[in-house]
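Here are the chains, one letter per residue:
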Amino acid sequence: MFERHYAVRDGVLVSMASPLLVIHGGAGVERKEMTPADEDAARTALAAALRAGHAQLVAGKPAADAVTAAITVLEDAPQFNAGRGAVFNHDGRNELDAALMDGASGKAGAVAGVHRVKNPILLARTVMEKSRHVMMVGAGAEAFAKEQGVTLVDPKYFRTDKRWQQLQKALRDEAAGVALLDVGRNYFGTVGALALDVQGRLAAGTSTGGMTNKRYGRIGDSPIIGAGTWADDRCAVSGTGWGEFYIRDAAAHEICARVRLSGESIARAARGVINGDIPKAGGDGGAIALASDGSFALPFNTEGMYRGWIGADGEPHVAIYAQDTLRGDQH
Ligand code: ASP
């Protein structure tokens, strides 16, 4: 799948990688919760996100632009737990988290616990590019958004009836003493994207509403650099799942550390963490992982994970359930 070709830039022969974009729309998908119309809508949104990100890459834009473009589409799509359609916390509010990391420069930006930022990934990017900081939370992050002209919306914008009903069910289950693991996996759903640009640079981004019925102020793995989001010069990862376990394992960084230090393939490293360490510790979920040689893996240990990729031919490839085959995936 990986191709490298050469181009002359300013009179110099430079090596150009074949651009690649890999995305997920969350690992919490369960067949019994889905109608054929839901599946179609999710596939359409995933394909649109892949096309939007790929357009950036073929225009020669950096990996971070592709990641931001793809995640913006997924945040705007109500099917996924990020931006519009995010899950509700215990208080009936949407509290959003996002992060972006640029593998070439090692720079990162993250926001957590925001209620009014239409596209949290754009604010994460602004934190990375326009501030001296890596992470901003809550009211401070929103003040920064306002100062920087990042679009703010009425919190009602994020609300969908489906997510509201999920919270009501979670509250009933909790009152009845049903354990989280016994009531299904639709507590999570996060979106993420990884890109390899024509110059061989990687970037990773993740955006989420977190987990249904989370307590106010709870922050998951998604905006924590190294837990749910990581990119360096040879490996990029975005996670989705029960965030507490991803934080304790520093899961995204752990996958890339295995690639760098143990020379493991991206598929082996990602599987080792997602299908080994996380379930062993009692958690569940999935991740997407992309290496700078163009190999990638999309492992998960749940019934399904919205996922897809797009490469040189510009054709989006998408899948939902574990049984769906996805050409190119080394899962
Ligand atoms: N990992 C996210 C969190 O714990 C949830 C998800 O993946 O949907 O906040």
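Structure shown above.
Keep in mind it's a predicted model, so treat the numbers as computed, not measured.

Draft legend 1. Examining the overall build of the protein chain more closely. Scanning the protein chain from N- to C-terminus turns up eight helices and 14 strands. The globule rule puts the C-alpha radius of gyration for 331 residues at 20 Å, and the 18 Å found for the protein chain is close to it. C-alpha extents for the protein chain along the principal axes are approximately 65 × 45 × 40 Å. Counting over 331 residues, the protein chain shows a buried share of 58%.

Draft legend 2. A look at the pairing of strand 8 (residues 202–208). The buried count for strand 8 comes to seven of seven residues, which makes it a mostly enclosed element. Pairing of strand 4 (residues 96–102) with strand 8 involves six bridges; the strand directions are antiparallel. Bridging across to strand 8, Ala-98 finds its partner in Ser-207. Sheet topology places strand 7 (residues 191–196) next to strand 8; six bridges connect them, and they run antiparallel. Directly across from Ala-193, in strand 8, lies its bridge partner Gly-205.

Draft legend 3. Geometry of the nonpolar core. Counting 47 residues, the largest nonpolar core has Leu-21, Ile-23, Phe-80, Leu-123 and Tyr-306 as its most contacted members. Counting residues per element, this core draws most heavily on helix 2 (residues 63–76), which supplies seven residues. Within the second largest apolar cluster, 43 residues are counted, among which are Met-211, Trp-242, Ala-270 and Ala-287.

Draft legend 4. View of the pattern of salt bridges. By the definition in use, this model includes 15 salt bridges. Two residues, Asp-65 and Arg-125, come together in a salt bridge whose shortest N-O distance is 2.7 Å. Of this pair, Asp-65 sits in helix 2 while Arg-125 is found in helix 3 (residues 120–130), placing the two residues 60 residues apart along the sequence. The two residues Asp-65 and Arg-125 agree in class, both being buried. Between Lys-156 and Asp-154 there is a salt bridge, with the nearest N and O atoms lying 4.0 Å from each other. Residue class for Lys-156 comes out exposed when judged on its relative accessible area of 66%.

Draft legend 5. Structural detail: the side chain of Thr-208. Tracing the backbone through its elements, the reader meets Thr-208 in strand 8. A polar contact is formed between the side chain of Thr-208 and the backbone nitrogen of Gly-210, at a distance of 2.8 Å. In contact with Thr-208, other than residues within four places in its own chain, are Asn-81, Ala-82, Glu-95, Leu-96, Asp-97, Thr-190 and Ser-222.

Draft legend 6. View of the environment of Trp-242. If you trace the backbone, Trp-242 turns up in the loop between strand 10 (235–241) and helix 6 (243–249). Assessed through its relative accessible area of 17%, Trp-242 is described here as buried. Along the chain, Trp-242 and Gly-285 lie 43 residues apart, while their C-alpha atoms are 6.2 Å from each other.

Rules of the game
- Residues numbered from 1 in each chain as written.
- Predicted model: local features only at pLDDT ≥ 70, side-chain atom pairs only at ≥ 80, totals over all residues.
- Heavy atoms only, no water.
- Helix = DSSP H or I, 4+ residues; strand = E, 2+ residues; numbered from the N terminus.
- Rg over C-alpha atoms; globule rule 2.2 N^0.38 Å.
- Buried < 20%, exposed > 50% of the residue type's maximum accessible area, 1.4 Å probe, protein only.
- Pairing = 2+ DSSP bridges.
- Core = buried A, V, L, I, M, F, W, Y, C linked by side-chain atoms within 4.5 Å.
- Salt bridge = Lys/Arg side-chain N within 4 Å of Asp/Glu carboxyl O.
- Polar contact = N/O pair within 3.5 Å; in protein donor to acceptor, adjacent residues only side chain to side chain.
- Contact = heavy atoms within 4.5 Å.

By themselves, these figures tell us nothing about what the structure is for.
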